[in-house]
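# Close look at the chain arrangement
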Amino acid sequence: MNPYTKLISYLSLLLGTTITISSNHWMMAWTGLEINTLAIIPLISKSHHPRAVEATIKYFLVQAAASTLMLFSSMTNAWFTGQWDITQLTHPTSCLLLTAAIAMKLGLVPFHFWFPEVLQGSPMTTALLLSTMMKFPPITILFMTSHTLNSTLLTILAITSAALGGWMGLNQTQIRKILAFSSISHLGWMTIIIIYNPKLTLLTFYLYSLMTITVFLTLNTTKTLKLTTMMTSWTKAPMLNATLMLTLLSLAGLPPLTGFLPKWLIIQELTKQEMTTTATAIAMLSLLGLFFYLRLAYYSTITLPPSPTNHMKQWYPYKPTSPQVAILTSLSTTLLPLSPVILATT
């Protein structure tokens, strides 16, 4: 890919995200989302593989439909109330349409079908952007409109996302698809709490992004794309694979790692809101995700292939781990003791 094209795409992504998260008017938010969609398309299709082209078309169609639905929602609200301000979304039909549009953009169940396929067809760095940065503008819009949205509908979307994200991830062997279902499951956790404590949703998103970036960069360093190659990747970078195991367990939400903090706070907040049944249900559903994280962790460090492989074992020259991956791994595993400071700043 031409370096100038890549630079323009990345700058456009930054511009689109900045426009959306800083706007108060619906048209500006929509413009930022459209810039984002158009900027990521060359990055998804840069390999020119049929799977990449298919992923690009799926992504474009879904995002275009979601943006149209969002624009229709804001126009309906403006028609009935005369308000174009994002925080003044009060018409019930508009709230319903916006919830559907944001669910499509994020990949929440039942609008999740495109996300694993697009991630599977994208290069690892683009999959990283799709899982983290591209989720930020829709979550910001959800954050700004959270006080007017239907709490029952959001709770149903969240519980089903946590359930299907964990359930469908169990049967996957492609690592990008596993991480896609992991993302759907985490989005369920973010959505369930946004009505009651929107800042906690943002904190969950930041910590999820931190851990996901670490996992993607580690896998990109070892060039691991599926479970069978993961079992032999320890020969390339043994220490990196050992820290990958900790990051995966953190993503699963095990104490005393960083990923335990958002889940602990969300369950605590749901209990304060007298939603004990919901808190119990989503905590039980996180066990499904824990299973495939444990499987990834097990494959990454503990096992060799159970049967002899057909290809020759390769020796890899030692390559030092980049400082970025080292810093991100440290943050992904050791932030729990700093939770009082984190809570004080949010």
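Per chain, residues are indexed from 1 in the order of the written sequence. Totals for whole chains, interfaces and linings use every residue, but because this is a predicted model, local features are given only for residues with pLDDT of at least 70 and side-chain atom pairs only at 80 or more, for both listing and counting. Each side-chain value is derived from all of the structure's non-hydrogen atoms; neither hydrogens nor water enter the calculation.

The protein has the name NADH-ubiquinone oxidoreductase chain 2 in an unreviewed UniProt entry, where Pygoscelis adeliae is given as its organism. UniProt positions are given in the numbering used here, feature names are shortened, and annotations may be inferred rather than shown by experiment. A UniProt comment under Catalytic activity (unreviewed entry) is attached to the protein, and it reads "a ubiquinone + NADH + 5 H(+)(in) = a ubiquinol + NAD(+) + 4 H(+)(out)".

A cluster of nonpolar side chains, namely Leu 38, Val 53, Ile 57, Phe 60 and Leu 61, defines an oily patch on the protein surface of about 470 Å² accessible area. Comment: elements are numbered from the N terminus, with helices defined as DSSP H or I runs of at least four residues and strands as E runs of at least two. With 4 residues, helix H3 (residues 50-81) is the single largest residue contributor to the nonpolar patch. With respect to the element layout, Leu 61 can be found in helix H3. On the accessibility criterion, Leu 61 (53% relative accessible area) is exposed. Patches here are clusters of residues that have more than 30% relative accessible area and form no salt bridge, with a 9 Å joining cutoff for like charges and a 5 Å cutoff for nonpolar side chains (Val, Leu, Ile, Met, Phe, Trp, Tyr). What sets the accessible areas is the Shrake-Rupley method with a 1.4 Å probe; for residues, cover comes only from the shown protein chains. Any carboxyl oxygen of Asp or Glu within 4 Å of a side-chain nitrogen of Lys or Arg constitutes a salt bridge here. Between buried and exposed lies partly exposed: a residue is buried under 20% and exposed over 50% of the maximum accessible area for its type, with that area taken using a 1.4 Å probe on protein chains only.

A few words now on the packing of helix H1 (residues 3-22) against helix H2 (residues 26-44). For helices, the axis comes from a line fit to the C-alpha atoms of the stretch in contact; other axes are also lines fit to C-alpha atoms, and the angle between any two N-to-C directions lies between 0 and 180 degrees. Their axes nearest at 8 Å, the elements H1 and H2 cross at an angle of 155°. By the angle class used here, H1 and H2 are roughly antiparallel. The two elements H1 and H2 cross, and the hand of that crossing is left-handed. Across the interface between the two elements, Lys 6, Ser 9, Tyr 10, Ser 12, Leu 13, Leu 15, Gly 16, Thr 17, Ile 19 and Thr 20 from H1 touch Met 28, Ala 29, Gly 32, Leu 33, Ile 35, Asn 36, Ala 39, Ile 40, Pro 42 and Leu 43 from H2. If an angle is under 35 degrees, it is roughly parallel; if it is over 145, roughly antiparallel; if it lies from 65 to 115, roughly perpendicular; otherwise it is oblique. By the definition used in this description, the sense in which the near helix is turned from the far one sets the handedness, with an anticlockwise turn below a right angle giving left-handed and a clockwise turn giving right-handed. In this analysis, two residues are considered to be in contact whenever any of their non-hydrogen atoms come within 4.5 Å of each other.

As a further point, take the domain arrangement of the protein. For the domains described, the bounds stem from an automatic or database domain assignment. When cut into domains, the protein gives domain 1 (1-123) and domain 2 (150-308 + 319-345). For domain 1 and domain 2, the distance between their C-alpha centres works out to 24 Å. Listed as interface residues are 16 residues of domain 1 and, on the opposing side, 19 residues of domain 2. Here's the idea: put two parts together, see how much 1.4 Å probe accessible area each one loses, and the total over both is what we call buried area. Counting the surface domain 1 buries against domain 2, the share from its top three residues, Leu 108, Val 109 and Gln 120, is 38%. Seen at the junction of domain 1 and domain 2, the total is 1 salt bridge. Residues Glu 117 and Lys 177 are paired through a salt bridge, measuring 3.4 Å at the closest nitrogen-oxygen approach.

The next subject is the side chain of Thr 191. Mapped onto the fold, Thr 191 is located in helix H9 (residues 175-193). Apart from residues no more than four positions distant in its own chain, Thr 191 is found in contact with Leu 108, Leu 154 and Ala 158.

With that settled, the discussion passes to the nonpolar core. Remark: nonpolar core denotes a set of buried residues (Ala, Val, Leu, Ile, Met, Phe, Trp, Tyr, Cys) joined through side-chain atoms within 4.5 Å. In this structure, Ile 40, Tyr 59, Leu 98, Leu 130, Ile 141, Leu 219 and Met 230 are the most contacted members of the largest nonpolar core, which totals 68 residues. At 8 residues, the largest contribution of residues to this core is made by H9. Residues lining this core come from more than one domain, with at least three contributed by each of domain 1 (1-123) and domain 2 (150-308 + 319-345). Not counting chain neighbours up to four residues away, the residues in contact with Tyr 59 comprise Thr 37, Ile 40, Ile 44, Trp 114, Val 118, Leu 130 and Met 134.

This brings us to H1. The end-to-end C-alpha distance of H1, which contains 20 residues, comes to 28 Å, matching closely the 28 Å that a straight helix rising 1.5 Å per residue would cover. Every buried residue of H1 is accounted for by Ser 9, Leu 13, Gly 16, Thr 17, Ile 19 and Thr 20. Buried residues of H1, viewed axially, fall in a sector of 160°; they line one side. Seen from the open side of H1, the exposed residues pointing more than 90 degrees away from its buried face are Pro 3, Tyr 4, Ile 8 and Ser 22. Along its buried surface, H1 packs onto H2, helix H6 (124-131) and helix H7 (136-145). We define a polar contact as two N or O atoms separated by no more than 3.5 Å, with the added condition that, inside protein, one atom must be a possible hydrogen donor and the other a possible acceptor, whereas residues neighbouring each other in sequence contribute only through side-chain atom pairs. Where H1 begins, the capping side chain belongs to Asn 2, and its oxygen is found 2.8 Å from the backbone nitrogen of Tyr 4. For a helix, the expected span equals 1.5 Å multiplied by the residue count minus one. When we speak of the arc, we mean the arc of directions from the helix axis to the C-beta atoms.

Within the structure shown, the criterion is met by 3 salt bridges. Among the salt bridges present, the one from Lys 58 reaches Glu 54, with a minimum N-O distance of 2.8 Å. Separated by 4 residues within a single helix, Lys 58 and Glu 54 lie in helix H3, roughly one turn from each other. Looking at Glu 54, the relative accessible area reads 40%, which means it is partly exposed. Among the charged side chains, a salt-bridge network with shared partners connects Glu 54, Lys 58, Glu 117 and Lys 177.

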